[in-house]
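Descriptive analysis of the structure
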Amino acid sequence: MPAPAVPAASIAPIALVGALHEELAAVLEAMPDEQPVRVAGREFWQGHLEGRPVVAVLSRIGKVAAATTAAVLLERFGVQAVLFTGVAGGLAPGVAVGDVVVATELLQHDMDASPLFPRHEVPLYGRARFPADAHWAAALADAASHVLADPAALVGGAAVDDFALHRPRVHRGLIVSGDRFVATAAESDALRAALPDALAVEMEGAAMAQVCHDWGVPFAAVRTISDRADDAAHTDFTRFVAEVARRYSAAVLREALRDGPGALARA
Ligand code: SAH
């Protein structure tokens, strides 16, 4: 009988999740030994990255898809932490295309059971905001700072000029999620008015944060800004995902795995 690939008393894996094929592809390329396990119509890729056990998966788009993915990672794969990497629309002034936002907390901007509960509060949880794990968030922010220090090395000088990535910045704060691709200035204005401290908008993070909260497992999210959630969002998003996003995601995750929580404990 062949020896199992992973020893029985192994360290629990870290989940690496992306919403789009392009985001996951670069992570899989960097894994030397990935093996797929199919659950709930998704391929969960078990293997290693930077010497640590990981499970990499495409969540697909939206809050329900993200919640399903998180539940399987937690219950079936027993992951020790969930790290989400992807793209998002910039909301706050100064959060530009090519910048990176690391969540300190996440909220569902389309949750509204008022007047029974305050707007945005998740009924029966007594909260609207779910915190990200501080240690993993710090590791992702440090990794992003290093990666952004030389964008040309990652994406090439032409893309740096095309997307004006000359001085990308790392921001930390609130990320909001909802089941809408926010692609009009009117809608992003409304989000800024309702949630003035929101840095970025996407479609998965807060759902995944809520599921991880239910299991008591650390969650963190890093998003590269692909668009400004305005009338140009669709074109900007498509070009950015094709040409830039994938390179950032994998580089940031790899560095965070090298230096993040638990790194010293591994063999
Ligand atoms: N693949 C489709 C739709 C992508 S939906 C297309 O090509 O049009 C956008 C994805 O990127 C989601 O996973 C979401 O989390 C993130 N995202 C990027 N910009 C966003 C924005 N302005 N509003 C909402 N989500 C955004």
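Residues numbered from 1 in each chain as written. Predicted model: local features only at pLDDT ≥ 70, side-chain atom pairs only at ≥ 80, totals over all residues. Heavy atoms only, no water.

Quick look at the packing of helix H1 (residues 21–30) against helix H8 (residues 233–259)
Counted only if it meets this: Note on definitions: angles span 0 to 180 degrees between N-to-C directions of axes, and those axes are lines fitted to C-alpha atoms, for helices only across the stretch in contact. Strands here are runs of E lasting at least two residues and helices are runs of H or I lasting at least four, both read from the DSSP assignment and numbered beginning at the N terminus. An angle below 35 degrees is treated as roughly parallel, one above 145 as roughly antiparallel, one from 65 to 115 as roughly perpendicular, and anything else as oblique. Should the near helix be turned anticlockwise from the far one by less than a right angle, the crossing is termed left-handed; should it be turned clockwise, right-handed. Should any heavy atoms of two residues lie within 4.5 Å, those residues are considered in contact.
In the contact formed by H1 and H8, the axes pass within 8 Å of each other and the chain directions differ by 45°. By the angle class used here, H1 and H8 are oblique. As H1 runs across H8, the sense of the crossing is right-handed. Between H1, through Glu-22, Glu-23, Ala-25, Ala-26, Val-27, Glu-29 and Ala-30, and H8, the contact on the second element is made entirely by Val-241, Arg-246, Ser-249, Ala-250, Leu-253 and Arg-254.

Notes on the nonpolar core
Filter applied, for reference: By convention a nonpolar core is built from buried Ala, Val, Leu, Ile, Met, Phe, Trp, Tyr and Cys residues, the set being connected through side-chain atoms within 4.5 Å. When accessible area is computed with a 1.4 Å probe and restricted to protein chains, residues below 20% of their type maximum are described as buried, those above 50% as exposed, and intermediate ones as partly exposed.
In terms of nonpolar packing, the biggest core is built from 83 residues, with Leu-16, Val-82, Leu-106, Trp-136 and Phe-219 touching the most fellow members. Looking at this core element by element, the count peaks at eleven residues for H8. Every residue in contact with Trp-136, bar those within four places of it in the chain, is listed here: Ile-14, Arg-52, Ala-81, Leu-83, Pro-218, Ala-220, Ala-256, Leu-257, Gly-260 and Pro-261. In this structure, Leu-91, Leu-107, Ala-128 and Val-201 belong to the second largest nonpolar core, which totals eleven residues.

Some words on unusual backbone geometry
Geometrically, the link from Ser-114 to Pro-115 is a cis peptide bond, its omega value of 5° lying close to zero. Unusually for a residue other than glycine, Ala-164 sits at a positive phi of about 50°. Tracing the chain through its elements places Ala-164 in the loop between helix H5 (157–162) and strand E8 (170–177). Of note in this structure, Ala-229 is not a glycine but carries a positive phi near 55°. Tracing the chain through its elements places Ala-229 in the loop between strand E10 (219–227) and H8. With relative accessibility at 0%, the residue Ala-229 sits in the buried group.

Some thoughts on the packing of aromatic side chains
The geometry of an aromatic ring pair comes down to the distance between the two centres and the angle between the two planes. Heads up, the rule is: Pairing of aromatic side chains here covers Phe, Tyr and the six-membered ring of Trp, requires ring centres within 6.5 Å, and sorts the geometry by plane angle: under 30 degrees stacked, over 60 edge-to-face, intermediate tilted. Criterion for a charge above a ring: Lys NZ or Arg CZ within 6 Å of the ring centre, and within 35 degrees of the ring normal.
Tallied over the entire structure, the rule returns four aromatic pairs. With a centroid separation of 5.0 Å and 25° between ring planes, the pair formed by Phe-44 and Phe-77 is classed as stacked. Placement of Phe-44 in strand E3 (residues 42–49) and of Phe-77 in the loop between helix H2 (63–75) and strand E5 (81–90) is noted, with a sequence separation of 33 residues between them. By the burial criterion, Phe-44 is buried, and Phe-77 matches it. A centroid spacing of 5.2 Å and a plane angle of 65° characterise the contact between Phe-181 and Phe-237, whose relative ring orientation is edge-to-face. With Phe-181 in the loop between E8 and helix H6 (185–194) and Phe-237 in helix H8, this pair connects stretches of sequence that are 56 residues apart. Over the aromatic face of Phe-130 sits the side chain of Arg-127, whose NZ or CZ is 5.5 Å from the ring centroid.

Here we look at the site of the ligand
Quick note on the threshold: When we say a residue is near a molecule or strand, we mean one of its heavy atoms is within 4 Å of it. Here a polar contact is recorded for every N or O atom pair within 3.5 Å, except that within protein the pair must consist of a potential hydrogen donor and a potential acceptor, and residues adjacent in sequence are included only if both atoms are side-chain atoms. Here a cavity means grid points, on a 1 Å grid over the protein atoms only, where a 1.4 Å probe fits yet cannot get out; a pocket means an open set of points with protein on both sides within 12 Å along at least five of seven lines; lining residues are those with an atom within 4 Å of a point. What decides whether a molecule sits in a cavity or pocket is whether more than half of its atoms lie within 2 Å of the grid points.
The ligand sits among 18 residues. The nearest are Val-182, Met-203, Glu-204, Arg-223 and Asp-227. Backbone polar atom of Met-203 to an oxygen atom of the ligand: 3.0 Å apart, as the coordinates give it. For the ligand, an oxygen atom lies 2.6 Å from a polar atom in the side chain of Glu-204. A molecule is said to occupy a pocket when more than half its atoms come within 2 Å of that pocket's grid points, and by this definition the ligand occupies the second largest pocket. Those elements that place two or more of their residues in the shell around the ligand are E5, strand E9 (198–202), E10 and H8.

A few points about the pattern of salt bridges
Worth spelling out the cut-off: Criterion for a salt bridge: a side-chain nitrogen of Lys or Arg within 4 Å of a carboxyl oxygen of Asp or Glu.
As enumerated under the stated definition, the model contains eleven salt bridges in all. Where Arg-254 meets Glu-50, a salt bridge forms, and the shortest distance between an N and an O atom there is 2.8 Å. In this pair, Arg-254 is assigned in helix H8 and Glu-50 in the loop between E3 and strand E4 (52–58), connecting sequence segments 204 residues apart. Judged by its relative accessible area of 34%, Arg-254 is partly exposed. When the shortest N-O distance is used, the salt bridge between Arg-192 and Asp-189 registers 2.8 Å. Taken together, the residues span about one helical turn, with Arg-192 and Asp-189 both in helix H6 at a distance of three residues. Relative accessible area serves as the criterion here: at 44%, Asp-189 is assigned to the partly exposed category. Taken together, the shared-partner salt bridges in this structure form one network comprising Glu-50, Arg-254 and Arg-258.

In short, shape yes, function no, at least from these values alone.
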